[in-house]
Amino acid sequence: MEETVETTEPVPAANPFAAMDPEMARNPQPVFKLLRADTPVMRIDMPTGPGVVLTRMEEITEALRHPEIFSSNMDAVDLQNQRPLIPLQIDPPEHKKFRKLLDPIFAPRKMAAMDEEVSRLVNHLIDQFIGAGEVDFLPLEELDRFLIMKDGIIRPDYVTKKPYGSREVRDYQKQIADSVYDYFNEVLDQREVERKDDLLSHFLDAEVEGDRLTRNDILDICFLFLIAGLDTVTATLDCMMAFLAQHPEQRHRIVEDPALIPNAIEELLRWETPVMGLARVAVAETELGGCPVHKGDQIAVMIGSANTDEAEFPDADEVRFDREVNRHIAFGGGVHRCLGSHLARRELRVTLREWHRRIPDYWLKPGHETLEYPPGLRHVKDLTLAWR
């Protein structure tokens, strides 16, 4: 059997419910373990009002499977968007018709056909820095216009250096949100005149149950694609590469046997779970795990905790690339399961395959061994890798 890595550390002293807690982001698994053991369903006061935190797979699965009670609508997360993001903030039955349009775009067969194209891109990027012997993995200072938009929506407090929820942060987030609509409106005006081989042109001609998409429908789809597509895979790569740089015995296994990479990715998705939590809002009175849930409660669905739940995963505290059954929910669950999960898996597989083919032995650059995980979506602020 494959060698395993024991990854449990002492429980951090930081407040696990602090919305902006870097220590929780750096080392969430021990906190999750403590919560599952003591209070797997807990009522707390959140910045947005009364809420309930779910940390056990059983209750989390129940919540994700019942959007009629635990809604993903705009009351769950306020990003200063003008209308519900499609399909994330649309619940059944309307949700189904949009997934019927969008799911085929990200079908596994189509994603597999992108393997060669993604491989070329990855190798082109590696060519630019391999001779230097080091690289700042996914450097923030080189982010372009789209990433500025994305950061302004997802982490406006990080950009403005103001407290989350403050008027300054909300005003900035609203300004960026408006700029996203303006940008896509401008491009759609161009596509109305001349179609191109892209998604925007496809949406202009697409129909849902016999009806053409409205301009607002397309804008709300594009808004979600922008903020969801530019952050999650890069953050996941941060977490995976940081883990592999610090665990050479695991890294050597995928170098020696690249066929292990798909399993390794699933296990690292389970362990790292960069999207640690999902937001829902209760739209009816109910209870979970004996805890009352009231209409209007904010629900923090901690999928990172579910992915390390001992009741679901044998040896949950160990990272095992030979795990045979791995029903993690790093991409969420239920009808709102991540639309782009097949694309994300393809990008992760190709990147790890090509990187380790060309740079099999690397480490954290001296002086950069202490990694900082900013709160929110888990990623590494300064991941500087070195090799010979």
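Residues numbered from 1 in each chain as written. Predicted model: local features only at pLDDT ≥ 70, side-chain atom pairs only at ≥ 80, totals over all residues. Heavy atoms only, no water.

1. Observations concerning helix 4 (residues 94-102)
Quick reminder: α-helices carry 3.6 residues per turn. Residues three or four places apart thus point the same way. Keep this limit in mind: With a 1.4 Å probe rolled over the protein chains alone, any residue whose accessible area is under 20% of its type maximum counts as buried; one over 50% counts as exposed, and the rest are partly exposed. Strands here mean DSSP runs of E at least two residues long; helices mean DSSP runs of H or I at least four residues long; both are numbered from the N terminus. Note that the arc is computed from the directions linking the helix axis to the C-beta atoms.
Along helix 4, the residues classified as buried are H95, F98, R99, L101 and L102. Down the axis of helix 4, the smallest arc covering the buried residues is 155°, so these residues share one side. With respect to the buried face of helix 4, the exposed residues turned more than 90 degrees away are K96 and K100.

2. A word on the sheet that holds strand 14 (residues 384-386)
The following threshold applies: By the convention used here, strands pair only if DSSP detects at least 2 bridges between them.
What the three strands build is an open sheet, ordered 5-14-13; its pairing is antiparallel. Only two strands of the sheet have a single partner each, and these edge strands are strand 5 (134-136) and strand 13 (363-364). In terms of strand pairing, strand 13 meets strand 14 through two bridges, oriented antiparallel. Directly across from W363, in strand 14, lies its bridge partner A386.

3. Description of the packing of helix 7 (residues 145-154) against helix 11 (residues 215-229)
Note the following rule: Lines are fitted to the C-alpha atoms to define the axes, a helix being fitted only along its stretch in contact, and any angle between axes, read from their N-to-C directions, falls within 0 to 180 degrees. Every angle not falling under 35 degrees, over 145, or within 65 to 115 is termed oblique; those three ranges are roughly parallel, roughly antiparallel and roughly perpendicular. The contact rule is simple, with two residues in contact once any of their heavy atoms fall within 4.5 Å.
Two numbers describe how helix 7 lies on helix 11: the axes approach to 9 Å, and their chain directions differ by 90°. The orientation of helix 7 relative to helix 11 falls into the category roughly perpendicular. For the pair formed by helix 7 and helix 11, the contact residues are F146, M149, K150, I153 and I154 on the first element and F223, L226 and I227 on the second.

4. Thoughts on the packing of aromatic side chains
Which entries qualify depends on this criterion: Paired rings are identified among Phe, Tyr and Trp, the last through its six-membered ring, by centres lying within 6.5 Å, and are further divided according to the angle between planes into stacked (under 30 degrees), edge-to-face (over 60) and tilted (the rest).
Applying the stated criterion across every chain yields a total of nine aromatic pairs. Consider the rings of Y181 and F223, whose centres lie 5.1 Å apart with planes at 50°: the pair is tilted. Of the two residues, Y181 is situated in helix 9 (residues 167-193) and F223 in helix 11; the sequence distance between them amounts to 42 residues. Residue Y181 is classed as buried on the basis of its relative accessible area of 3%. With a centroid separation of 5.8 Å and 80° between ring planes, the pair formed by W355 and W387 is classed as edge-to-face. Here W355, found in helix 16 (residues 341-358), pairs with W387, found in the segment after strand 14; they are 32 residues apart in sequence, far enough to count as distant.

5. Some words on the nonpolar core
How we decide: Residues grouped as a nonpolar core are buried Ala, Val, Leu, Ile, Met, Phe, Trp, Tyr and Cys residues, joined through side-chain atoms within 4.5 Å.
If you look at the biggest cluster of nonpolar residues, it comprises 42 residues, and the most contacted ones within it are M241, W355, Y362, L383, L385 and W387. Among the secondary structure elements, those contributing two or more residues to this core are helix 6 (115-127), helix 12 (232-246), helix 14 (261-272) and helix 16. Here M241 is in contact with F137, L352, W355, H356, Y362, L383 and L385, once residues within four sequence places are set aside. With 37 residues, the next largest nonpolar core counts F98, M111, V180 and L188 among its residues.

Read these as spatial facts, not as claims about activity.
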